[in-house]
Amino acid sequence: MAVAEPIIMPGYQGEAIHGPYDDPDGDSDADSGVPDYTGAGVEQVFELFSATAPKGWRVELIEGEICATPPADADHELIVSELTDQVAERRRDRSLRNWTGIGLNVPGASETGHVVPDLVIAPARSFQGDQKWNDPSPALLVAEVTSTSTADRDREKKIHGYARAGIPVYLLIDREEGEVTVYSEPSDDDYAKGAKHKLGLTVSLPAPLGFDLDTAEF
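Fair warning: this is a prediction, and the values are worked out from it, not measured in the lab.

### A word on the layout of surface pockets
Phase 1: Taken as a whole, the largest pocket holds about 700 Å³ of empty space.
Phase 2: Forming the boundary of the largest pocket are 35 residues, of which Arg58, Thr69, Pro70, Pro71 and Ala72 lie nearest the centre.
Phase 3: Mapped onto the lining of the largest pocket, the elements with two or more residues apiece are strand E2 (58-62), helix H2 (74-90), strand E9 (141-145) and helix H3 (151-164).
Phase 4: Residues belonging to the lining of the largest pocket are distributed by class as follows: 13 nonpolar, nine polar and 13 charged.

In structure tokens, the structure reads:
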């Protein structure tokens, strides 16, 4: 069975494009009746991709690139679930909550980025209603668990947006490298600290979280 690959549109400059799921068979007449988006801005194209993505796909705007990613595998989701459980058990501030599937607006290199972290830790009632993209200022920690298709973005480009947004802690669980990196002390478009740990060890999270994670369960 073929594995769905991520779709990335780097440096979109308003070229004529069609939705990523048009013309699945490559027919030469597949563009008949398809709207022409020549001259559309990146935000407009992003909204198009978001509206036409199949259920379960994640569409993000990261450092000027539109990235549509297929659903994660079971191992990825197991790590997110274990992380969520440990945070719920060990958080010192009982008013904090775990948020999954929450879209955040983060400052991009030239425009606002739209990202959906695997996990956000923030005070209760930080995100309410049906707003798709939210102010990131309540977030105390964002976490990403890498997949083969997302690892490069999680390791590099997302760091910049999270740092610019002033999110105190970015937790990167890198399955491919077998590492956990705890980024803290955001400054401009990077983090001043990035402590690396081998996956399987106990990892200390800095303030404002201030508790340990047992990554042996990851």
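### Examining H2
Phase 1: The first and last C-alpha atoms of H2 sit 24 Å apart over 17 residues, in line with the 24 Å expected at 1.5 Å per residue.
Phase 2: All buried positions along H2 are accounted for by His76, Ile79, Val80, Leu83, Thr84, Gln86 and Val87. Buried residues of H2, viewed axially, fall in a sector of 165 degrees; they line one side. Away from the buried face of H2 by more than 90 degrees, exposed residues Ala74, Asp75, Leu78 and Glu89 are located.
Phase 3: Along its buried surface, H2 packs onto strand E4 (96-99), strand E7 (119-123), E9, strand E10 (169-174) and strand E14 (212-214).
Phase 4: Here H2 starts with a cap whose side-chain oxygen sits 3.3 Å from the backbone nitrogen of Asp75, and that cap is Asp73.

### Observations concerning the nonpolar core
The nonpolar side chains of a soluble globular protein tend to be buried with one another.
Phase 1: Core analysis: the biggest nonpolar cluster contains 22 residues, and Leu83, Ile121, Leu141, Leu171, Ile173, Leu205 and Leu209 have the highest contact counts within it.
Phase 2: Counting residues per element, the ones that place at least two in this core are H2, E7, E9, E10 and strand E11 (179-187).
Phase 3: If one sorts the elements of this core by residue count, H2 sits on top with four residues.
Phase 4: The contacts of Leu83, once residues within four sequence positions are left out, are Leu119, Ala143, Leu171, Ile173, Leu213 and Phe218.
Phase 5: With 20 residues, the next largest nonpolar core counts Leu104, Ile159, Tyr162 and Leu172 among its residues.

### What to know about the packing of aromatic side chains
Phase 1: In total, this model carries five aromatic pairs according to the counting rule given.
Phase 2: Judged by centre distance (5.5 Å) and plane angle (20 degrees), the ring pair of Tyr170 and Tyr183 falls under stacked. On the criterion of sequence distance, the pair formed by Tyr170 in strand E10 and Tyr183 in strand E11 is long-range, its members being 13 residues apart.
Phase 3: An angle of 45 degrees between the planes, with centres 6.1 Å apart, marks the rings of Tyr183 and Tyr191 as tilted.
Phase 4: Each member of the aromatic cluster is reached from another via a ring pair, and the members are Tyr162, Tyr170, Tyr183 and Tyr191.

### Some words on the pattern of salt bridges
Phase 1: Taken as a whole and judged by the stated rule, the model has twelve salt bridges.
Phase 2: Within this structure, Glu60, Glu144, Asp154 and Lys158 form a network of salt bridges that share partners.

### Some words on the side chain of Ser184
Phase 1: Summarising the element assignment, Ser184 is placed in strand E11.
Phase 2: In contact with Ser184, other than residues within four places in its own chain, are Pro168, Tyr191, Ala192, Lys193 and Pro206.

### With respect to the sheet that holds E10
Phase 1: The strand order E4-E7-E9-E10-E11-E12 describes an open sheet built from six strands, whose pairing is mixed. A single partner strand is all that each edge strand has here, and the edge strands are E4 and strand E12 (190-198). Taken pair by pair, the neighbouring strands of this sheet meet at an average axis angle of 20 degrees, ignoring direction.
Phase 2: Both E11 and E12 contribute to a ladder of eight bridges, which runs antiparallel. The residue bridging Pro186 from the neighbouring strand is Tyr191, located in E12.

What counts, and where the lines are drawn
- Residues numbered from 1 in each chain as written.
- Predicted model: local features only at pLDDT ≥ 70, side-chain atom pairs only at ≥ 80, totals over all residues.
- Heavy atoms only, no water.
- 1 Å grid on protein atoms, 1.4 Å probe; cavity = no way out; pocket = protein on both sides within 12 Å on 5 of 7 lines; lining within 4 Å.
- Points joined across faces, edges and corners; volume = space filled by probe spheres on them.
- Helix = DSSP H or I, 4+ residues; strand = E, 2+ residues; numbered from the N terminus.
- Nonpolar A, V, L, I, M, F, W, Y, C, P; charged D, E, K, R; others polar.
- Expected span 1.5 Å × (residues − 1).
- Buried < 20%, exposed > 50% of the residue type's maximum accessible area, 1.4 Å probe, protein only.
- Arc of directions from axis to C-beta.
- Contact = heavy atoms within 4.5 Å.
- Polar contact = N/O pair within 3.5 Å; in protein donor to acceptor, adjacent residues only side chain to side chain.
- Core = buried A, V, L, I, M, F, W, Y, C linked by side-chain atoms within 4.5 Å.
- Phe/Tyr/Trp six-rings, centres within 6.5 Å; stacked < 30°, edge-to-face > 60°.
- Salt bridge = Lys/Arg side-chain N within 4 Å of Asp/Glu carboxyl O.
- Pairing = 2+ DSSP bridges.
- Axes fitted to C-alpha atoms, helices over the stretch in contact; angles between N-to-C directions.

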